Amino acid sequence: MRGPGCRMNVAAVLNGLLVSVLAAVLWKYARLREHAAVVEEELQLSRQSQELSQARIDYHAALRALQEDGTRMVCSGKMHTDRLCRFDYLCYSTEAEEFVFFHSNASVMLPNLGSRRFQPALLDLSSVEDHNTQYFNFLELPAAALKFMPKPVFVPDVALILNRFNPDNLMHIFHDDLLPIFYTMSQYSDLDDEARLVFMEGWNEGTHFDLYRLLSNKQPLLKEQLKNFGKLLCFTKSYVGLSKITTWYQYGFVQPQGPKANILVSGTEIRQFTRFFMDKLNITREEVSENEEYIVVFSRTINRLIINEAELILTFAQEFQMKTIVVSLDEHSFADIVQIISRASMLISIHGAQLVTSLFLPRGAVVVELFPYAVNPEHYTPYKTLASLPGMDLQYVAWQNTKEENSVAFPDRPWDQGGIAHLEQEEQERILKSKEVPRHLCCRNPEWLFRIYQDTKVDIPSLLEVLRQTVKSKPALKKAKPASTVHPGRVREPRCQASVQGSNEAKLTVSWQIPWNLKYLKVREVQYEVWIQEQGENTYMPYILPHQNYTFSENIKPFTTYLVWIRCIFNKTLLGPFADVLACRT
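In this text, all values refer to a predicted model and were calculated from it rather than measured experimentally.

Basis of the calculations
- Residues numbered from 1 in each chain as written.
- Predicted model: local features only at pLDDT ≥ 70, side-chain atom pairs only at ≥ 80, totals over all residues.
- Heavy atoms only, no water.
- Disulfide = S-S within 2.5 Å.
- Buried < 20%, exposed > 50% of the residue type's maximum accessible area, 1.4 Å probe, protein only.
- 1 Å grid on protein atoms, 1.4 Å probe; cavity = no way out; pocket = protein on both sides within 12 Å on 5 of 7 lines; lining within 4 Å.
- Points joined across faces, edges and corners; volume = space filled by probe spheres on them.
- Nonpolar A, V, L, I, M, F, W, Y, C, P; charged D, E, K, R; others polar.
- Helix = DSSP H or I, 4+ residues; strand = E, 2+ residues; numbered from the N terminus.
- Polar contact = N/O pair within 3.5 Å; in protein donor to acceptor, adjacent residues only side chain to side chain.
- Contact = heavy atoms within 4.5 Å.
- Pairing = 2+ DSSP bridges.
- Axes fitted to C-alpha atoms, helices over the stretch in contact; angles between N-to-C directions.
- pLDDT = per-residue confidence, 0-100.
- Core = buried A, V, L, I, M, F, W, Y, C linked by side-chain atoms within 4.5 Å.
- Domains from an automatic or database assignment.
- Expected span 1.5 Å × (residues − 1).
- Parallel < 35°, antiparallel > 145°, perpendicular 65-115°, else oblique.
- Salt bridge = Lys/Arg side-chain N within 4 Å of Asp/Glu carboxyl O.

1. Section: the state of the cysteines
Thinking step 1. Following the criterion strictly, the structure yields four disulfides and no others.
Thinking step 2. Covalent S-S linkage joins Cys442 and Cys443, the inter-sulfur distance amounting to 1.6 Å. Judged by the sign of its S-S torsion, about 95°, the bond between Cys442 and Cys443 is right-handed.
Thinking step 3. You can call Cys443 partly exposed: its relative accessible area is 44%.

2. Digging into empty space enclosed by the protein
It is a probe the size of a water molecule, rolled over the atoms, that shows where empty space is left.
Thinking step 1. With the rule as written, the count across this model stands at one cavity of 30 Å³ or more.
Thinking step 2. In this structure, the largest cavity encloses a volume near 40 Å³.
Thinking step 3. For the largest cavity, the full set of lining residues is Pro256, Gln257, His379, Tyr380, Arg439 and His440.
Thinking step 4. Taken together, the residues of the lining of the largest cavity break down into two nonpolar, three polar and one charged.

3. Some points on the side chain of His440
Thinking step 1. Along the chain, His440 falls in the loop between helix 10 (425-433) and helix 11 (446-452).
Thinking step 2. Assessed through its relative accessible area of 12%, His440 is described here as buried.
Thinking step 3. Within polar-contact distance, the side chain of His440 engages the side chain of Tyr380 at 2.9 Å.
Thinking step 4. Here His440 is in contact with Pro256, Gln257, Tyr380, Asn445 and Trp448, once residues within four sequence places are set aside.

4. Considering the sheet that holds strand 22 (residues 506-513)
Thinking step 1. A sheet is described by the order of its strands in space; here three strands give the open sequence 21-22-25, paired in antiparallel fashion. Of all strands in the sheet, those bounded by a partner on one side alone are strand 21 (492-500) and strand 25 (549-552). Neighbour to neighbour, the strand axes of the sheet diverge by 15° on average, direction disregarded.
Thinking step 2. Where strand 22 meets strand 25, four bridges bridge the pair, whose relative direction is antiparallel. Considered in strand 25, the bridge of Ser511 is made with Asn549.

5. Here's the deal with the confidence of the model for the chain
Residues shown with low pLDDT carry predicted positions that ought not to be read at fine detail.
Thinking step 1. For the chain, the mean per-residue pLDDT works out to 90, and 88% of the residues sit at or above 70.
Thinking step 2. Across residues 1-8, where pLDDT falls below 50, the model places one contact with residues more than four positions away in sequence or in other chains.

6. Things to note about the nonpolar core
Thinking step 1. Counting residues in each nonpolar core, the largest one holds 72 residues, and the members touching the most others are Phe174, Ile181 and Phe277.
Thinking step 2. Of all the elements, helix 3 (residues 170-187) adds the most residues to this core, at 10 residues.
Thinking step 3. Each of domain 1 (59-247) and domain 2 (258-409 + 454-470) contributes no fewer than three residues to this core.
Thinking step 4. When sequence neighbours within four positions are dropped, the list of residues in contact with Ile181 reads Leu160, Leu162, Leu197, Phe199, Tyr212, Leu215 and Leu242.

7. Re unusual backbone geometry
What is expected of a backbone is that most residues other than glycine have negative phi and most peptide bonds are trans.
Thinking step 1. Residue Pro111 follows Leu110 across a cis peptide bond; omega there is -5°.
Thinking step 2. Note that Pro111 resides in the loop between strand 4 (108-110) and strand 5 (123-124).
Thinking step 3. The step from Gln119 to Pro120 runs through a cis peptide bond, and the omega angle for that step is -5°.
Thinking step 4. Here the phi dihedral of Phe559 falls at roughly 55°; this positive angle occurs in a residue that is not glycine.
Thinking step 5. For Phe559, the position within the fold is in the loop between strand 25 and strand 26 (561-570).
Thinking step 6. Here Phe559 falls in the exposed class, since its relative accessible area comes to 56%.
Thinking step 7. One non-glycine residue, Asn571, adopts positive backbone phi at about 50°.
Thinking step 8. Following the sequence through the fold, Asn571 ends up in the loop between strand 26 and strand 27 (574-575).
Thinking step 9. On the basis of relative accessibility, which here comes to 16%, the residue Asn571 falls in the buried class.

8. Points about helix 6 (residues 267-280)
Thinking step 1. Its 14 residues give helix 6 an end-to-end C-alpha distance of 20 Å, which sits within 8% of 20 Å, the value for a rise of 1.5 Å per residue.
Thinking step 2. Listing the buried residues of helix 6 in full gives Gly267, Ile270, Arg271, Phe273, Thr274, Phe276, Phe277 and Met278.
Thinking step 3. Downstream of helix 6 by a residue or two, Asn282 has a phi angle that is positive, lying close to 60°.

9. A word on the packing of helix 3 against helix 6
Thinking step 1. Running from N to C, helix 3 and helix 6 cross one another at 85°; their axes reach a closest spacing of 11 Å. When the axis of helix 3 is compared with that of helix 6, the two are roughly perpendicular. Residues Phe174, Leu178, Leu179, Phe182 and Tyr183 of helix 3 form the contact with helix 6, whose participating residues are Glu269, Ile270, Gln272, Phe273, Phe276 and Phe277.
Thinking step 2. Of the residues contributing to the contact of helix 3 with helix 6, the split by class is nine nonpolar, one polar and one charged.

10. Observations concerning the sheet that holds strand 14 (residues 294-298)
Thinking step 1. The strand order across the open sheet built from five strands is 15-14-16-17-18, with neighbouring strands paired in parallel fashion. If you trace the sheet from one side to the other, it starts and ends with strand 15 (323-327) and strand 18 (395-400), each paired once. For this sheet the average axis-to-axis angle between neighbouring strands, irrespective of direction, equals 20°.
Thinking step 2. Where strand 17 (residues 366-371) meets strand 18, six bridges bridge the pair, whose relative direction is parallel. If you follow Phe371 over to strand 18, its bridge partner there is Gln400.
Thinking step 3. Contacting strand 14, strand 15 and strand 16 (346-350), helix 8 (residues 334-341) runs over the sheet at an angle of about 140° to strand 14.
Thinking step 4. Against the sheet, helix 12 (residues 460-470) touches strand 16, strand 17 and strand 18, its axis set at about 150° to strand 18.

11. Side note on the pattern of salt bridges
Thinking step 1. As enumerated under the stated definition, the model contains 26 salt bridges in all.
Thinking step 2. Each of Asp157, Glu194, Arg196 and Lys218 takes part in one network of salt bridges that share partners.

12. Digging into the environment of His547
Thinking step 1. Topologically, His547 is positioned in the loop between strand 24 (541-545) and strand 25.
Thinking step 2. Since its relative accessible area comes to 34%, His547 is described here as partly exposed.
Thinking step 3. Sequence separation of His547 and Val526 is 21 residues, and the distance between their C-alpha atoms is 8.6 Å.
Thinking step 4. In terms of polar contacts, His547 uses its side chain to reach the backbone carbonyl oxygen of Asn549, at 2.8 Å.

13. Digging into the layout of surface pockets
Thinking step 1. When its volume is computed, the largest pocket comes out at roughly 1600 Å³.
Thinking step 2. Lining the largest pocket are 48 residues, with Asn166, Asn169, Arg304, Ala353 and Tyr453 positioned closest to its centre.
Thinking step 3. Going through the elements one at a time, helix 3, helix 9 (382-388) and helix 11 are the ones with two or more residues in the lining of the largest pocket.
Thinking step 4. Of the residues belonging to the lining of the largest pocket, the class tally is 22 nonpolar, 18 polar and eight charged.
Thinking step 5. Each of two domains, domain 1 (59-247) and domain 2 (258-409 + 454-470), supplies a minimum of three residues to the lining of the largest pocket.
Thinking step 6. Roughly 650 Å³ of volume is contained in the second largest pocket.

Following this line, the structure appears as structure tokens:
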């Protein structure tokens, strides 16, 4: 009989064989996955090549058009920061990684910028203004040089050529890419569902590439993929650059971050975009009755955590007598998140890129943004600015942790996750003692990163107090109707009449008729603004009046000429144009 030691040896041999078999299986599985990934990439490129070739193009006709009929560039915008250009036969050398404009006798370049197109660039390739990594320029060659170059591959699709700014960050994806692409495409009828997006910044697809695919039926192309189609690609028709009219925030490259100085977008345009986006995701925005209203808490699972999240959820459910739903980018599909948020009465989240999903909230909803210790909410307002856009009709609440003991910091993490161990000891101590991150420029301020990546225990009583002071209606957060954005027209038939009462007294009577469009509108409140300026003076006296006829006597002098402007105002904020100025002599 074999002894116990022998049985142990047999078991060890069997275990060793099992480990070997498992290792072989895992190795084979890994190789199969690697092979599958390569096959998938090859299939993807094959599909793209087929897409490009399916739109038939006569190669010789295209080449003749490029060489003889001439290339064309027509640009709009005075400066590179607001310029978009349309090209016929703009080419790209995948070897030199340069765009090329081939000149022939018939080529057109409008406007003729000369050397000004290099000050510093022809245009910005992204919607982020004047960033030195986003500039677009091209080389110039005579069309005759084509004889000595690789055979061009003509791209038949109408293309929109641009840079994504940061496709790994959801705020940047929506604010800097998707919204600007959507509204750039809406400006040109041939940038339709069959247009081809071409991303030239050099990033890989990124986490949310499927969101970009919603903008066109054609698969977007990355810079790295262009070399698979040939050494010289020529886009038969392309638009280059992005409109900036939908951006509302600047990230602090020149001055500390904050709202753009001149915001051109309103909630109306944002909501048109969200309707388009939800349609593409097959999401319908359904009305919610009062007893079905709910609160959404956006949870982070890796960093910047809410330590007492479960307690926060329970308290809010009790306080507002509403169901509370938790969503997470790590555990839910983006379509599911949009579906949930689009019907929510309140969205609560720690400061972070996930809060850009508040643009899908219904009107009347509340956005509650939580800030870690030492991070001043007034210094970081992308989502407050979004919520405050006219027509968004969202209520915004900011709460800041003011108790350092309710924070958990991570000084030993890598620098880009808030670590400060790489800094000099004196600088580490200064940051640890600091009570507030000072205003700063983008993008690697170590004190900002250290504080923003803290985990936070929310002081719930103080949060509820801030919420009670700010929110206009609770606990049933009703959906508001969209505010009217119809502006008044010019007042009609403005007149003035003067009378002199004596050597030192005079009166000036001003009258007018209502704007032509007023009789077709239901407007709650109508007022009129009148400016009166003595000719030759730099100042004027403004008046807000409820009716269409008024006599002024205060500060009106006899034998003097006054200039008078009149305009209509709807609901205190919607201004009409001034009527032609009146010159009135007393």
